[in-house]
Amino acid sequence: MVRGLLNKLVSRSLSVAGKWQHQQLRRLNIHEYQGAELMSKYGINVPKGLAVSSVDEVKSAMQAAFPDAKELVVKSQILAGGRGLGTFKSGLKGGVHIVKVDQVEEIAGKMLGQILVTKQTGPQGKVVSKVYLCEKLSLTNEMYFAITLDRKTAGPLIIACRKGGTSIEDLAENFPDMIIKVPIDVFQGITDEDAAKVVDGLAPKGADRQDSIEQVKKLYKLFCECDCTLLEVNPMAETSDNQLVAADAKLNFDDNAAFRQKAIFALRDPTQEDPREVDAAKADLNYIGLDGEIGCMVNGAGLAMATMDIIKLHGGTPANFLDVGGNASEGQVVEAFKILTSDEKVKAILVNIFGGIMKCDVIASGIVNAAKQVALKVPVIVRLEGTNVDQGKRILKESGMTLITAEDLDDAAEKAVKAAY
Ligand code: GDP
Ligand code: MN
């Protein structure tokens, strides 16, 4: 997540900790077809479409939804962008295909159950369990529109660009001046002037100005009422009959609002999420998967960020952010350790505990118990300090486990990097 334009516009910090702070806006991501249904309820123009999960459903779906269509857009549903330019592991190019109606079954068959790799999925890709059949619009103009939360103004920020379509990241790099940003006063709500500024930034060629302003206001209404952290429409398109249409949208929702957005949160699709994060969420752990080689287990978010930074400083890269919290149980520590050890990228594990409310002996017992349940194939570096540190050290020593002990954070990071690479 959090790659792309948002990162560039909103997050300026280059440290690992800064990146984490950006990621820690925990969110729910929903599929394009689900977002389209939600937008349609708010009166936002979206292409007509129907999602199917098997080739058998294609014919009847087409007859019901598009009896007169000659061509359809067949779109792979994965929780990542860049599908248009993506490639299937099978070799098929493109996760979005515009085809004649008699070819829809064939192309849907080639997408369903296959793994699609895009700029945003990572090399492992994501499985396509549904395809979205959409009416083919004749697009005459592709623009970019997004609403996100801005730290500087501490409120919603609308971003618009008169050029859009695929790869907004490249646009942001090459034509930064084309992108306009309109902060919205969250208490006042969006004004006509705000919406007009956004429409000026989009600069539609044929769409009615007042209609466009209304569309922008509806998008903002959805963003607020549904507790979105991101609403990104790319492309915001114009059709040959001068309609403004949200042709593809990505919607993220704030996890903290799950209690009042039950219908939306029921849409969570765990098959599309990082399996490490799914396991961590089950154990109620504060875990974020990253791409590096050093697994981290730390108590306290601040110390966890500092640990990641210091690993970087010594030339390593963290495999995750993990804050076991102040009152984690031994069972949670076991689960945390299992997640770290089952991660094949992890080449060393760094345990950094500064016992306060969290007691060092609880962590130590958790590690020893986890080691009994899972084969420990990588070196473990441990730095314990604070409450019950002597008991903790004794538990580790008596377990007979081979551990590398460290004196302080610097020493621990150095040893972890040495052990991993
Ligand atoms: P993404 O690559 O994951 O962002 O997928 P999109 O849904 O944005 O599709 C990629 C591109 O396909 C869009 O930027 C459009 O250029 C094109 N596309 C999607 N739907 C239509 C359509 O109905 N008509 C036309 N002409 N092009 C479309
Ligand atoms: Mn798109």
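Structure shown above.
If you're wondering where the values come from, they're calculated on a predicted model, not measured in any experiment. (Residues numbered from 1 in each chain as written. Chains lettered and ligands numbered in written order. Predicted model: local features only at pLDDT ≥ 70, side-chain atom pairs only at ≥ 80, totals over all residues. Heavy atoms only, no water.)

(A) Region of the structure containing the pattern of salt bridges. Under the counting rule described, the total for this entry stands at 17 salt bridges. Residues Lys75 and Glu32 are paired through a salt bridge, measuring 2.6 Å at the closest nitrogen-oxygen approach. Note that Lys75 is positioned in strand E3 (residues 71–77) and Glu32 in helix H3 (residues 32–41), a separation of 43 residues in sequence. Accessibility expressed as a relative area gives 8% for Lys75, which makes it buried. Among the ionic pairs, Lys110 bridges to Glu106, the shortest N-O distance being 3.2 Å. With a gap of four residues between them, Lys110 and Glu106 both fall in helix H5 (residues 104–111), about one helical turn apart. Classification of Lys110 as partly exposed rests on a relative accessible area of 40%. (Salt bridge = Lys/Arg side-chain N within 4 Å of Asp/Glu carboxyl O. Helix = DSSP H or I, 4+ residues; strand = E, 2+ residues; numbered from the N terminus. Buried < 20%, exposed > 50% of the residue type's maximum accessible area, 1.4 Å probe, protein only.)

(B) Quick look at the pairing of strand E19 (residues 380–386). Most of E19 sits out of view: five of its seven residues are buried. As paired strands, strand E18 (residues 348–355) and E19 are joined by seven bridges and run parallel to one another. Its bridge partner being in E19, Ile349 is matched across the sheet by Val380. Regarding topology, helix H13 (residues 360–373) serves as the crossover connection from E18 to the parallel E19, and that connection is right-handed. Looking at chain direction, E19 and strand E20 (residues 404–405) are connected through two bridges and run parallel. Residue pairing for E20: Val382 is matched across the bridge by Thr405. Read as a crossover between parallel neighbours, the route from E19 over helix H14 (residues 389–399) to E20 is right-handed. (Pairing = 2+ DSSP bridges. Right-handed = clockwise from strand over helix to strand, strands pointing away.)

(C) Local environment of the coordination of the manganese ion (ligand 2). Only Asn234 (O) and Asp248 (OD) from the protein coordinate the manganese ion (ligand 2), and they sit 2.1 Å from it. Taken as a pair, Asn234 in strand E12 (residues 228–239) and Asp248 in the loop between strand E13 (244–246) and strand E14 (249–254) lie far apart in primary sequence, 14 residues in all. Since its relative accessible area comes to 12%, Asn234 is described here as buried. (Donors = N, O, S within 2.8 Å, 3.2 Å for Na, K, Ca; no water.)

(D) Summary view of the site of ligand 1. Taken together, the neighbourhood of ligand 1 is formed by 17 residues, with Lys75, Arg83, Gly84, Leu137 and Glu142 sitting nearest. Within the side chain of Arg83, a nitrogen or oxygen atom sits 2.7 Å from an oxygen atom of ligand 1. Calculation on ligand 1 without its partners gives an accessible area of 570 Å², and the protein chains cover 84% of this total. Counting only elements with at least two residues in the shell around ligand 1, the list comes to E3, strand E5 (96–100), strand E9 (139–150) and E12. Considering only residue class, the shell around ligand 1 consists of six nonpolar, five polar and six charged. (Near = heavy atom within 4 Å. Polar contact = N/O pair within 3.5 Å; in protein donor to acceptor, adjacent residues only side chain to side chain. Areas by Shrake-Rupley, 256 points an atom, 1.4 Å probe, with all protein chains shown as cover. Nonpolar A, V, L, I, M, F, W, Y, C, P; charged D, E, K, R; others polar.)

(E) Geometry of the sheet that holds strand E7 (residues 126–127). Across the sheet, three strands lie side by side as E4-E6-E7; this open sheet has antiparallel pairing. Bordering the open sheet on either side are strand E4 (87–88) and E7, each of which pairs with just one other strand. Judged from the two bridges that link them, strand E6 (residues 115–117) and E7 form a sheet pairing that is antiparallel. Among the inter-strand pairings, Ile115 is bridged to a residue of E7, identified as Val127.

(F) Structural context of unusual backbone geometry. Residue Pro235 follows Asn234 across a cis peptide bond; omega there is 10°. Within the element layout of this structure, Pro235 appears in strand E12. We note that Asn242 has phi near 60°; this positive angle belongs to a residue other than glycine. With respect to the helices and strands, Asn242 occurs in the loop between E12 and E13. Look at Asn242 and you get partly exposed, because its relative accessible area is 39%.

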